[in-house]
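Results of the structural survey
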Amino acid sequence: MAHITLPEGLPGIRGPMALRPETAKHLNELAEVLLRSDNSLTRGERELIATFVSSLNDCFFCQNAHGGLAQHYLQCDMPYIDQVKSDFQSTNLSPKLKALLSIAGSVQKGGKHVTPEQIERARDVGATDLEIHDTVLIAAAFCMFNRYVDGLGTWAPQDRNIYIERAKWRADEGYVNFDLYK
Amino acid sequence: MAHIALPEGLAGIRGLLAFRPEMTNPLRGFMEVLMRGENSLTRGERELIATYVSHLNDCFFCKSSHGATAEYYLQCDIGFIEQVKSNYKSSKISDKMKALLTISASVQQGGKHVSVEEIQLAKNVGATDYEIHDTVLIAAAFCMFNRYVDGLDTWTPDDREFYRKGVKERAEAGYADYDPYR
C-alpha cells in the first residue's frame, strides 16, 4: 500500500502523477526532451542508461518500464538487458556506451564520484560534451524518479512481461500528454 | 574546471542550462510549481527541505543558493539555517517540519528508506498527503539537481556571500523565467 492515498489502480509513477498533475506535466516534458528528442545518443541508448541507473537504485518499476522500452528500441531480449544491468563491461555494447554507463554509475552514487579519468575515457572513445552532459542528466533524473516512485511506496506489477508488452505502444505515445489511466 | 566546456562565468546550474537550453523550460517550469506554487507548505519551508537535502548530498552550490533563498523567505539568519542542517530536531521549526525533514533525509538515502513509521509520525503531527507527496518530490528532485551540478563539476564559488547577493530579487522573480545569464 502506498504511503499516501493515490488514485486507484495506477502503478508506479502514474499514481503520484495523477495526484499532482501540475508537477507531472513538467516531469514528462523533461523525460520527453531527455529521452526521445533528436540526439546523437539513440533512444535505445538513453533508455538503457535510465534502466541501468534504476537497477542500481533497486527501483523495480522504473528498471522494468524503461528496460521494456530499451528492449523495444534496441530490438534485444530480456536476458540482454539483465546482462547490461549486472555486468555491462562484458556485453557487446559500444566502448562509448560502456564509458557513459560508467559515468552514469558514478552519478548514481553522487555527483562527486564522477572522475576526470572517466570523462577522459568517454572522450577517448568518441563521446561528445553533449553526450556526456545528457548521460549525467539522465542518471541524475532517474535518481529523482526512482526516489519518487519508491519514496511514496507505490506498487508495481511483478510480471516483467507486462512492461515489455506495453513498450511498443509507450514508445510511440511518448512522455508528453501520456494517458496515465491507459 | 567543469568536466565539459561550459559557457564562461556562469556558476553551478547556470552554466548547465546555458549549455543545454532545451532543458531549461521543463526544469524551470517544474521548479516554479514545486517550490513557489500555491501550497500549504510555505515557500520558506520548501526551500528549507531543498537546502537540507542538498546539505546531505554535500552539494555546496545548491545548499548555498537554496539556503540563501530559505533565509529570505523565513526571515531568519544564516545561523538558523546552519542549525537546521546540523541538527534540525533541536531547532525551532514546527513538529510537522521536523517530521517532513526526517522523511526527506530518508528519500536522500533512497526511496525504500522511507518507513511507514516516519509517514505515520508526519500524519500524526498534521502533515497532509499533499505535503508528504511534495516533501518526497522536493527531496527526490534535489537528489537530481545536486548530482547534475556536481556530476559535471560546475564552477562553485566558495564565498557564501556570492549566493546571498541579490537573493531578494531572485526569490521574487521566481523560477519560471529563470535566465541563466542574469
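Residues numbered from 1 in each chain as written. Chains lettered and ligands numbered in written order. Predicted model: local features only at pLDDT ≥ 70, side-chain atom pairs only at ≥ 80, totals over all residues.

Details of the overall build of chain B
Each helix and strand counted, chain B has 10 helices and zero strands in total. A compact globule built from 182 residues would reach a C-alpha radius of gyration of about 16 Å, and chain B, at 16 Å, matches this within 12%. Principal-axis analysis of the C-alpha atoms places the extent of chain B at approximately 50 × 30 × 30 Å. By residue count, 47% of the 182 residues in chain B fall in the buried class. Here the analysis covers contacts within chain B between residues at least 6 apart in sequence; of these, 71% occur between residues at least 24 apart. (Helix = DSSP H or I, 4+ residues; strand = E, 2+ residues; numbered from the N terminus. Rg over C-alpha atoms; globule rule 2.2 N^0.38 Å. Buried ≥ 20, exposed ≤ 12 C-beta atoms within 10 Å, placed from the backbone. Contact = placed C-beta atoms within 7 Å.)

A word on the overall build of chain A
Counting secondary structure elements, chain A contains nine helices and zero strands. Ordering the α and β elements of chain A from the N terminus gives α-α-α-α-α-α-α-α-α. Each principal axis of the C-alpha distribution contributes one length, and for chain A these read about 50 × 30 × 30 Å. Per-residue burial over chain A gives 49% buried out of 182 residues. Look at the contacts in chain A between residues 6 or more apart in sequence, and 72% of them connect residues 24 or more apart.

Points about the confidence of the model for chain B
With 100% of its residues at a pLDDT of at least 70, chain B reaches an overall mean of 96. Overall fold confidence (pTM) sits at 0.98, and the ipTM for the predicted complex is 0.98. (pLDDT = per-residue confidence, 0-100.)

Comments concerning the packing of helix 3 (residues 43-56) of chain B against helix 8 (residues 129-151) of chain B
Packed helix pairs are characterised by how far apart their axes lie and by the angle those axes make with each other. All names here are of chain B. Put simply, helix 3 and helix 8 touch, their axes get as near as 9 Å, and they point 45 degrees apart. Looking at the two axes, helix 3 sits oblique to helix 8. Here helix 3 runs over helix 8; the crossing is right-handed. For the pair formed by helix 3 and helix 8, the contact residues are Arg-46, Ile-49, Ala-50, Val-53 and Ser-54 on the first element and Thr-135, Ile-138, Ala-139, Phe-142, Cys-143 and Asn-146 on the second. Grouping the constituent residues of the contact of helix 3 with helix 8 by class yields seven nonpolar, three polar and one charged. (Axes fitted to C-alpha atoms, helices over the stretch in contact; angles between N-to-C directions. Parallel < 35°, antiparallel > 145°, perpendicular 65-115°, else oblique. Left-handed = near helix turned anticlockwise from the far one by under 90°. Nonpolar A, V, L, I, M, F, W, Y, C, P; charged D, E, K, R; others polar.)

Concerning the interface of chain B and chain A
On the chain A side, the residues contacting the 40 residues of chain B number 41 residues. Within the residue set of the side of chain B that touches chain A, elements represented by two or more residues are helix 2 (24-36) and helix 8 of chain B. It is helix 8 of chain B that contributes the most residues to the side of chain B that touches chain A, 16 residues altogether.

Describing helix 7 (residues 116-124) of chain A
All names here are of chain A. Within helix 7, the full set of buried residues consists of Gln-118, Ile-119 and Ala-122. Looking down the long axis of helix 7, one finds its buried residues gathered within 100 degrees of arc, a one-sided arrangement. Turned more than 90 degrees from where helix 7 packs its buried face, Pro-116, Glu-117, Glu-120 and Asp-124 sit exposed. Close packing links the buried residues of helix 7 with helix 6 (95-109) and helix 8 (129-151). (Arc of directions from axis to C-beta.)

Focus: the environment of Phe30(B)
Locating Phe30(B) in the fold gives a position in helix 2. Given 23 C-beta atoms within 10 Å, Phe30(B) falls into the buried group. Among all residues touching Phe30(B), those that are not within four sequence positions of it are Thr23(A), His26(A), Leu27(A) and Leu30(A).

Some words on unusual backbone geometry
Positive phi, normally seen in glycine, also occurs at Asn177(A), with a value near 60 degrees. With respect to the secondary-structure elements, Asn177(A) resides in the segment after helix 9 (160-173). Here Asn177(A) falls in the exposed class, since 10 other C-beta atoms lie within 10 Å of it. Its identity is not glycine, yet Asp58(B) carries a phi of approximately 55 degrees, on the positive side.

Topic: the environment of Ile4(B)
Among the secondary structure elements, Ile4(B) is positioned in the segment before helix 1 (13-19). Each C-alpha atom of the pair Ile4(B) and Asp153(B) lies 8.6 Å from the other, and the pair is 149 residues apart in sequence. With residues up to four places along the chain from it excluded, the contact list for Ile4(B) reads Asp129(A), Ile132(A), His133(A) and Leu152(B).

Quick notes on the packing of helix 3 (residues 43-56) of chain A against helix 5 (residues 78-87) of chain A
All names here are of chain A. Contact geometry for helix 3 and helix 5: axes closest at 9 Å, N-to-C directions at 60 degrees. With respect to helix 5, the element helix 3 is oriented oblique. When the axes of helix 3 and helix 5 are compared, the crossing they make is right-handed. Touching Leu-48, Thr-51, Phe-52 and Ser-55 of helix 3 are Ile-81, Val-84 and Lys-85, all from helix 5. Here the residues of the contact of helix 3 with helix 5 sort into four nonpolar, two polar and one charged.

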